[in-house]
Amino acid sequence: QQKEDSLEKRKKLEGELEKLEGLELKLAACGQEAKQMDALQTALEGLKEDFDGVFSMKKESEELQKSFLQLQAAFESDNRSYMEHEIAFFREQAGLMAEGLKEGEPCPVCGSTVHPDKAKTSAGAPSEAKLNTLKQTAERSRQKMQRISEQVKAKLAEIQFAEKHLEQRASMHFSDISKDVLLLQLPKLTAAALAGCLERREANKAEIEGLEKKVSFKIRCGEQIDALESAILGVQERTGFLEQEKI
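Note that the structure is predicted; figures quoted are calculated from it, not measured.

Section: the overall build of the protein
Then, number 1: Each helix and strand in the protein was counted, giving 4 helices and 0 strands.
Then, number 2: Taken from the N to the C terminus, the helices and strands of the protein come in the order α-α-α-α.
Then, number 3: Burial analysis of the protein (247 residues in total) assigns 23% to the buried set.
Then, number 4: Looking at the protein as shown, the accessible area adds up to about 17,500 Å², and 54% of this sits on carbon and sulfur atoms.

This is how it looks when you write it as structure tokens:
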């Protein structure tokens with residue numbers, strides 16, 4: 001009876017093992033898919049970071065352009081002030097020169113001996129020292145404007161390079177989207193793809209956990225079959241020994 005019970009149990013366990021055939025291959029496939037999901041998630045998160053980086057650079061560019069406009073206005077004001085004072089300075093010089101002109105004597109500038117309309121001096125004319133100060137101020141303003149202009153140019157070139165690189169990477173994941181609108185739609189596309197990736201990862205994780213439990217059950221079935229084989233062999237040996245004793 002013991003032998004028959006063991007044989008019956010072994011038959012049931014072997015039936016269970018048949019149902020679990022190919023389990024390890026399924027588990028390996030799920031493990032490979034999990035690695036692919038990890039790689040995809042990393043790539044999509046990288047795209048999001050790159051897009052955020054480009055967005056940040058554009059904000060920086062906007063601030064630089066605002067600064068440029070402010071410095072441009074400052075330069076135009078300083079340069080205009082310098083030019084106006086320079087004209088006043090030269091007018092004053094001309095007026096001082098005119099005071100020394102005498103009828104019949106040639107003008108040191110034009111050579112004319114007739115001076116019907118001599119230049120008048122101006123009480124508000126700047127000194128040469130003040131004119132030089134205004135000139136230096138205008139030059140400093142020009143240099144500041146030039147520096148910020150070069151920064152804007154460099155930032156725009158950086159943005160253009162980053163956008164091109166981002167577009168190339170994004171097109172690998174969203175090849176069906178036109179490049180004309182790809183970058184504009186990228187945040188929405190990336191968010192949707194990440195959500196889908198995470199959903200698939202959770203499903204894959206649950207499937208792996210289920211398969212691992214089945215693999216453990218399969219191992220236990222194999223161990224039980226081995227134990228039954230040993231028990232059956234023991235019964236057979238004892239039965240043979242008893243039969244020999246009867247003889």
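Now that the structure has been shown, we can carry on.
Let's talk about the environment of Ser127
Then, number 1: Looking at the element boundaries, Ser127 is found in the loop between α2 (23–99) and α3 (128–173).
Then, number 2: Remark: the alpha-carbon pair of Ser127 and Glu92, spanning 35 residues in sequence, is separated by 9.4 Å.

Details of the nonpolar core
Then, number 1: If you look at the biggest cluster of nonpolar residues, it comprises 16 residues, and the most contacted ones within it are Leu44, Leu47, Leu166, Phe174 and Leu186.
Then, number 2: Those elements that provide at least two residues to this core are α2, α3 and α4 (179–246).
Then, number 3: No other element matches the 6 residues that α4 contributes to this core.
Then, number 4: In this structure Leu44 touches Phe174, Thr190, Ala193, Leu194 and Cys197, once residues within four positions along its chain are discounted.
Then, number 5: Counting residues in hydrophobic clusters, the runner-up holds 6 residues, among them Leu20, Leu23, Cys30 and Ile208.

Quick word on the environment of Ile159
Then, number 1: Mapped onto the fold, Ile159 is located in helix α3.
Then, number 2: In this structure, the C-alpha to C-alpha distance between Ile159 and Ser61, residues 98 residues apart in sequence, is 8.8 Å.
Then, number 3: Sequence-distant contacts of Ile159, that is, excluding residues within four places in its chain, are made with Met57, Lys58 and Ser61.

Conventions adopted
- For every chain, the first residue of the written sequence is number 1, and numbering continues from 1 onward in sequence order.
- The predicted nature of this model means local features are confined to residues of pLDDT at least 70 and side-chain atom pairs, given and counted, to a pLDDT of 80 or more, with totals for whole chains, interfaces and linings taken over all residues.
- Water and hydrogen atoms were dropped before computing side-chain values, which therefore reflect all heavy atoms in the structure.
- Secondary structure counts use DSSP, requiring at least four H or I residues in a row for a helix and at least two E residues in a row for a strand, with both numbered from the N terminus.
- Only protein chains enter the accessibility calculation, which uses a 1.4 Å probe; a residue is then buried when its area is under 20% of its type maximum, exposed when over 50%, and partly exposed in between.
- Using a 1.4 Å probe, the Shrake-Rupley method yields the accessible areas, and only the shown protein chains count as cover for residues.
- Put simply, buried Ala, Val, Leu, Ile, Met, Phe, Trp, Tyr and Cys residues joined by side-chain atoms within 4.5 Å make one nonpolar core.
- We call two residues in contact whenever any of their non-hydrogen atoms come within 4.5 Å of each other.

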